[in-house]
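Here's the letter readout for the chains.
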Amino acid sequence: MTDKLTPPSATPKPDAPPPLDSEVAQLAAPEREIAVEVGDKLVEIQNLTMRFGGLTALDDVSFDIKRGEILGLIGPNGAGKTTCFNAMTGVYRPTEGQVLLEGEAIGRRKQHKITRLGIARTFQNVRLFGEMTALENVVVGLDARHKVGVWGSLFRTPRLYREEKEAIDRGMALLEFVGIADKAMDQASALPYGYQRRLEIARALATDPKLLCLDEPAAGFNPAEKEELMELIRTIRDDGYTVLLIEHDMRLVMGVTDRIVVLEFGKKIADGLPKDIRNDPTVIAAYLGEED
Amino acid sequence: MDQWITLDWEALGANFWSATVDGLTFGGIYALVALGYTLVYGVLNLINFAHSEVFIVGAYAIVFTLTSLGFGPSVPNLAWYAIAANLLLAVVFGMLASAITAFIVERVAYKPLRDKGAPRLVFLISAIGMSFVIQYLIFVWRGPNPEPSVIMFENKAIFDIGGTLIYFDSILIVSAAILMMILVDQFIRRTKLGRGIRAVAQDPDTATLMGVNRERIIISTFIIGGLLAGVAALFYVMKVPSGVLYLGGFLLGVKAFTAAVLGGIGNVRGALLGGLLLGLIGNYGQILLGSAQWTDVVCFVVLIVVLMVRPEGILGSNLGKVRA
Amino acid sequence: MSTGTPMGGASESQARADELVEETTKPSRLRGLSYWWNHLPRTGQWGFLLIAVAAAFALPLVNIPLITTEPGNNWPLACAEMARYALVAIGLNVVVGQAGLLDLGYVGFFAVGAYVAALWTSPDSTLVHIPYLLTLPLAAMVTVVFGVLLGIPTLRLRGDYLAIVTLGFGEIIRLLATIIPALKGQVGFQNVGRPPGQDADGNDVFVNSAGAPWYWLTITVIIVIMIALGNLERSRVGRNWIALREDEDAAEIMGVPTFRFKLWAFGIGAALGGGAGAIAAGQIGFVNNQRFDVQMSIMFLVAVVLGGQGNKFGAIIGGALVAYIPLRFTAIAEYKYLIFGAVLVVLMIFRPQGLFGKRPHLLTFERRAHKRIANLSEAPSAPATKEAGQ
């Protein structure tokens, strides 16, 4: 455990998470086979429409998420970003259209099944299991991949021991990965806010997602913390995950994403590289007066 | 095993119309109590488990008032306007007692928890505790037996429709329930306080931002629910003179709650519809199955079926958030 | 229920891990009793448990002045009742405390269990008779069926609806016991069976008037159940229960099959309630439609809430207290519902976590994690420290 990998970022900041040693990197990396190649379409959102009564929150929205990229989903308040998220993770059933993961429609599956298929998310307002420790929170995420059930737990089968041991190792590695391993045994609700945000990311990563959706992960952060978060998101991508990022902070989005989709009033108005989006007149018009 | 369910269709056929009238009468009482559940649920998104005790306290106040005014187990020998005045006085006391109880329940079992931002389960348990406390305060004070009956007036048949006699109390209760419902409905729609209640029900945070005093709205809602329970208590004493005992609230409360869910909890008109329907179902079931004890079973089964099939109720809950 | 010791750790890093246990548990957990307990070595914990179990077995034999319920109530019988309440509280704790499902009709399962024991052992019943001890697992199985049948339609509902539906279920069971002729209403069943066994003088050991044997039977069941529930707690099952209690939607999105785990909690709770009912039927020797009312459900709830929701040891204490207080202080027994109702309100306002607010351990290899944290701080990222160390 002495030899270290070079940290993914060129210049680690003094208070940035400690660089990862190889064991941690290995344990925290995704484990699953993904059918599509890097750069190919991992998720396809096809003609997604969401209506609530008379209100159309999403109107015929289509875009792709390619494996290995960080895709930014932006738009003014009420543009339908979170609705889009919710439709992708099974919280809402789309009125029309569908979401394909690796070419297969996620359809009307239950939320926990969609998580097992490989879409994980964090929440805009942190929703941890407050009574549990940080590590236990992460292990709940890991449990999504565990097979042992009530009988196996009751009679303490070898598989249970294997899974439980692996859960500790992988859980601790994930906490180290997001830089909060020192607080692994603290109650989640007692953690500082920044730690809670990171813990949510670790818990989502624990489900071993093919796609990680982050819903405004930088909300309530100061610039230094945002900088660290950008670093973390890049590390996550470099580790082999695909990331969908909803964010208000334009600087953060421009700095970290590979591609950006812009929504306004439930419609997609732009889709392109950050530098193109920055100069897109439609986007500028949509954000006019919302400059931050 | 002996056959324990026998469906007596003949009895139901023979008594259908009187069962209908009777069912609607009970339904009117359920509806008035159901309103209390619905209003509090609308504003707080919580079932007020202690509402049944709010109701029974009103019933006690009415019995005590009438007894001290000289009413007793026999038909009073008074002119109709004298009776009306006495009943009016009694119902005012009943409404007061219920409203004060509702206020105390809110202050003791809800307010401190709201201030702490406690989870839902904590509210439910404290309301259950409160209901238990009131129930057994009554028990300790009055013992296990019902209060002696109080007869309010000579209950004459007013109409005879094809052999079915319709009595005065039925007409009074059903029309009063409908009238109260219209009043509450208009109150919620038209007055400033009513608009506040609706605003808090729809979106408490925004309502607070828009300058609605949420605390005041919550207290008012409890008190309105209490006042209506007081009215219901008068009709309950009228219809079930021997039913004023410490457990009486619990037994009626579950039915009223079922009525609220049946019509769509959080929905004022739903409370009336649910109440009347449940009254009918309960009464038909009782006759069909041959024993009064079946009324409760039938009501519970209705509750479970409604929650399974259409948890938002017949008219739909205003909040649309019944399922988890 | 071996919990495994961390593999191959130098004693130094073990010591550091222990220190860390101390540091990391201090701010967030209750200090005192549970703190002391967590810092005992495994052997010490087992030692204390053995002493506690031995003391528990001796309880009905030692009649300590002031603590005893006599002369008002026979002490061994009081012990049996306390143990019974404790068993019920443990079962209800799985439902309310762990999975966060408010069940107000728990007495319904208790009643079903009692009737199962009565129907299959009492001479008043026309059914085939089986040995009494077999009715305990039978009662558990039958109540699981009831629990699942009730749970499937209702467990998708929000918490407060579940509360009222279960309340209704409890009442239906009670009313059915009155209405169904085969259940004999208030007449009930006499001479419910009991376990075999005779003492040296040839007298039956298990008689209705002797509390101690019943007490020992009950706490033996309790110990088995505690081990089983401990196993469930420190696994995916326990974690998923707590997760869905804390935030059901978030749990579902994190991949927890919430409905399935709610149903398990409900079923396990029902089984334990049914088993306790069968034991009660045997000890009292008589079952009829009285006493299975809402009040009893609420008393069970008080037991769980008083002990501390989610803590199975707390549930034992809570259950025992709820039974003990009215038996010991006979002067206030009449007001017990009033008092315990007030206890509910006061607890919710001032101490919603109950007397023992300690949350359960949810990881099988928690010490392994402590060791990793210890390693973490032993080798900080600054290279200078590392060189100095080697």
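Here, every reference points to the structure presented above.
None of the values given here were measured: they were computed from a predicted structure. (Residues numbered from 1 in each chain as written. Chains lettered and ligands numbered in written order. Predicted model: local features only at pLDDT ≥ 70, side-chain atom pairs only at ≥ 80, totals over all residues.)

1. Some points on the overall build of chain A
The condition that has to hold: Strands here mean DSSP runs of E at least two residues long; helices mean DSSP runs of H or I at least four residues long; both are numbered from the N terminus. Our exposure labels follow a C-beta count within 10 Å of each residue's own C-beta, placed from the backbone: buried means 20 or more other C-beta atoms, exposed means 12 or fewer, and partly exposed covers the counts in between. We call two residues in contact if the C-beta atoms placed from their backbones are at most 7 Å apart.
The helix and strand inventory of chain A stands at eleven helices and ten strands. When the backbone C-alpha atoms are referred to their principal axes, chain A occupies close to 55 × 45 × 40 Å. In chain A, buried positions account for 48% of the 292 residues. A fraction of 69% describes how many contacts in chain A between residues 6 or more apart in sequence connect residues 24 or more apart.

2. Comments concerning the interface of chain B and chain C
Under the convention used in this document: In this classification, the charged set is Asp, Glu, Lys and Arg, the nonpolar set is Ala, Val, Leu, Ile, Met, Phe, Trp, Tyr, Cys and Pro, and all remaining amino acids, among them Gly, are polar.
Contacts between chain B and chain C engage 40 residues on the former and 37 residues on the latter. At the level of secondary structure, the elements contributing two or more residues to the side of chain B that touches chain C comprise helix 3 (80–116), helix 4 (120–142), helix 9 (248–263) and helix 11 (293–309) of chain B. Counting residues per element, the side of chain B that touches chain C draws most heavily on helix 4 of chain B, which supplies 14 residues. Here the residues of the side of chain B that touches chain C are counted per class, giving 32 nonpolar, four polar and four charged.

3. Remarks on the sheet that holds strand 5 (residues 104–105) of chain A
All names here are of chain A. In plain terms, the rule: By this definition, two strands are paired if DSSP reports at least two bridges between them.
Reading across from one edge, 2-1-4-5 is the order of the four strands in this open sheet, with antiparallel pairing throughout. A single partner strand is all that each edge strand has here, and the edge strands are strand 2 (55–66) and strand 5. Across eight bridges, the pairing between strand 1 (residues 41–52) and strand 2 is antiparallel. Within strand 2, the residue paired with E44 across the bridge is D64.

4. Remarks on the interface of chain C and chain A
Each partner contributes to the interface: chain C provides 37 residues, whereas chain A provides 41 residues. When contributions to the side of chain C that touches chain A are tallied by element, the ones reaching two or more residues are helix 1 (11–25), helix 8 (211–233), helix 9 (236–246), helix 10 (248–253) and helix 15 (366–378) of chain C. Here the residues of the side of chain C that touches chain A are counted per class, giving 18 nonpolar, eleven polar and eight charged.

5. Structural notes on the nonpolar core
Buried together is how nonpolar side chains tend to be arranged in soluble globular proteins. Note the cut-off: The term nonpolar core refers to a group of buried residues, namely Ala, Val, Leu, Ile, Met, Phe, Trp, Tyr and Cys, whose C-beta atoms join them within 7 Å.
Counting 317 residues, the largest nonpolar core has L175(A), A31(B), I62(B), A232(B), A89(C), V302(C) and L344(C) as its most contacted members. With 17 residues, helix 4 (residues 75–98) of chain C is the largest single contributor of residues to this core. Sequence-distant contacts of L175(A), that is, excluding residues within four places in its chain, are made with A134(A), L135(A), V138(A), I180(A), A181(A), A184(A) and A202(A).

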